[in-house]
Amino acid sequence: MKEWWNRKKNKTRKGKKSSSDYTVLDGFLDALFMIPELIFLPFRLIFWLFRGVGRLFNNMFDFI
């Protein structure tokens, strides 16, 4: 009984350790998700900037 219990305990301990590790695959997938964000970020910022300026001018003409 003791050998069986020790084997079961070791298996559960290994499972807990490996689930919290950051693996190379996790890093690769993070990089794949970041690349499109970095490419489209400048275009998105320019779009929101022009949109905000347009709304500002629109509100100024409504005020007059």
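The shown structure was predicted, so the numbers you read here are calculated from the model rather than taken from an experiment.

Chemist: Explain the overall build of the chain to me, please; I cannot follow it from the model alone.
Modeler: For the chain, the helix and strand inventory stands at two helices and zero strands. When the accessible surface of the chain is totalled, it reaches about 6700 Å², and 70% of it is carbon and sulfur.

Chemist: Quick question: what am I supposed to make of the packing of aromatic side chains here?
Modeler: How two aromatic rings sit relative to each other is set out by the distance from centre to centre and by the angle between their planes. Using the criterion set out here, one finds two aromatic pairs in the structure. Pairing Phe47 with Trp48 gives two aromatic rings, centres 5.5 Å apart and planes at 70°, and the pair type is edge-to-face. Assessed through its relative accessible area of 48%, Phe47 is described here as partly exposed. In this structure Trp48 comes out as partly exposed when scored by relative accessible area, which is 48%.

Chemist: It is not clear to me how the pattern of salt bridges should be interpreted in this structure. Could you clarify?
Modeler: If charged atoms from side chains of opposite charge come close, those side chains can pair. The tally for this structure, following the rule as stated, stands at one salt bridge. Between Glu37 and Arg44 there is a salt bridge, and its shortest N-O distance comes to 3.2 Å. Residue classification places Glu37 among the partly exposed positions, given a relative accessible area of 45%. Judged by relative accessible area, which is 36%, Arg44 ranks as partly exposed.

Chemist: In this structure, what is going on with a nonpolar patch on the surface? I would like to understand it.
Modeler: On the surface, Leu25, Phe28, Leu29, Leu32, Phe33, Ile35, Ile39, Phe40 and Phe43 cluster together into a nonpolar patch covering about 980 Å² of accessible area. Tracing the chain through its elements places Ile39 in helix α2 (residues 24-63).

What counts, and at which threshold
Residues numbered from 1 in each chain as written. Predicted model: local features only at pLDDT ≥ 70, side-chain atom pairs only at ≥ 80, totals over all residues. Heavy atoms only, no water. Helix = DSSP H or I, 4+ residues; strand = E, 2+ residues; numbered from the N terminus. Areas by Shrake-Rupley, 256 points an atom, 1.4 Å probe, with all protein chains shown as cover. Phe/Tyr/Trp six-rings, centres within 6.5 Å; stacked < 30°, edge-to-face > 60°. Buried < 20%, exposed > 50% of the residue type's maximum accessible area, 1.4 Å probe, protein only. Salt bridge = Lys/Arg side-chain N within 4 Å of Asp/Glu carboxyl O. Patch = residues over 30% accessible without salt bridge, like charges linked within 9 Å, V, L, I, M, F, W, Y side chains within 5 Å.

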